[in-house]
Amino acid sequence: MNSVEELCTLIGSRITWGRGEDAGSLDADTPLLEMGLLDSLAIMEIVAALHKEAGISLPDTEIVAANFRTPRALWDAIENLSGEVRA
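Residues numbered from 1 in each chain as written. Predicted model: local features only at pLDDT ≥ 70, side-chain atom pairs only at ≥ 80, totals over all residues. Heavy atoms only, no water.

A.B. asks: Pulling in residues and values, what's your account of the overall build of the protein?
C.D. replies: Helix and strand counts for the protein come out as 3 helices and 0 strands. Listed by position from the N terminus, the elements making up the protein come as α-α-α. Counting only residues that meet the buried cut, the protein has 37% of its 87 residues in that class. Accessible surface computed for the protein: about 5300 Å², of which carbon and sulfur atoms make up 49%. (Helix = DSSP H or I, 4+ residues; strand = E, 2+ residues; numbered from the N terminus. Buried < 20%, exposed > 50% of the residue type's maximum accessible area, 1.4 Å probe, protein only. Areas by Shrake-Rupley, 256 points an atom, 1.4 Å probe, with all protein chains shown as cover.)

A.B. asks: Can you break down the side chain of Ser3 residue by residue, with the values?
C.D. replies: Within the secondary structure layout, Ser3 lies in the segment before α1 (4–12). Using a relative accessible area of 19% as the deciding quantity, one classes Ser3 as buried. Of the polar contacts made by the side chain of Ser3, one reaches the backbone nitrogen of Glu6; its length is 3.2 Å. (Polar contact = N/O pair within 3.5 Å; in protein donor to acceptor, adjacent residues only side chain to side chain.)

A.B. asks: A description of the packing of α1 against helix α2 (residues 40–54) should follow, citing residues and the corresponding values.
C.D. replies: Interaxial distance between α1 and α2 falls to 10 Å at its minimum, and their mutual angle equals 125°. Taken together, the axes of α1 and α2 lie oblique to each other. Crossing geometry of α1 relative to α2 is assigned as right-handed. Across from Leu7, Leu10 and Ile11 in α1, the residues of α2 making contact are Ile46, Ala49, Leu50 and Glu53. Residues that form the contact of α1 with α2 fall into these classes: 6 nonpolar, no polar and 1 charged. (Axes fitted to C-alpha atoms, helices over the stretch in contact; angles between N-to-C directions. Parallel < 35°, antiparallel > 145°, perpendicular 65-115°, else oblique. Left-handed = near helix turned anticlockwise from the far one by under 90°. Contact = heavy atoms within 4.5 Å. Nonpolar A, V, L, I, M, F, W, Y, C, P; charged D, E, K, R; others polar.)

A.B. asks: Residue-level account of the pattern of salt bridges, with values.
C.D. replies: Within the structure shown, the criterion is met by 2 salt bridges. Across the pair Glu53 and Arg14 runs a salt bridge, and its minimum N-O distance is 2.5 Å. Of this pair, Glu53 sits in helix α2 while Arg14 sits in the loop between α1 and α2; the two residues are 39 residues apart in sequence, bridging distant segments of the chain. Arg14 gets classed as partly exposed once you look at its relative accessible area, which sits at 22%. The salt bridge partner of Arg72 is Asp29, with a shortest N-O separation of 2.9 Å. (Salt bridge = Lys/Arg side-chain N within 4 Å of Asp/Glu carboxyl O.)

A.B. asks: Account for the side chain of Asn67, naming residues and giving values.
C.D. replies: Mapped onto the elements of the fold, Asn67 is located in the loop between α2 and α3 (71–86). According to the relative accessible area criterion, Asn67 is buried, its value standing at 13%. Among residues more than four places away in sequence, those in contact with Asn67 are Glu62, Ala73, Leu74 and Ala77.

A.B. asks: With reference to specific residues and values, describe the environment of Ile11.
C.D. replies: Looking at the secondary structure, you find Ile11 in helix α1. Separated by 34 residues in sequence, Ile11 and Glu45 place their C-alpha atoms 9.0 Å apart. Those residues within four positions of Ile11 in sequence are excluded, and the remaining contacts are Leu26, Leu32, Ile46, Pro71 and Leu74.

Take it as geometry only, folks, not as evidence of what the structure does.
Here it is as structure tokens:
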């Protein structure tokens, strides 16, 4: 996973889209929770996909609403984890 755009693609593939909505409308600042695009199952699917497809393991302490408000918020959380690993 090299960019927030790749993360948007991953998230978009795990969301159940309503009529007239599609994954192409998802960008880094899409308010995922506010728009009702994520529920607890979708969040866990995203967490599992991050681990399986990108080798990114989110600790339980990072699986909080604030980190799933937007794709950018989740990307920031992932980058912060990467920084901790490098330190």
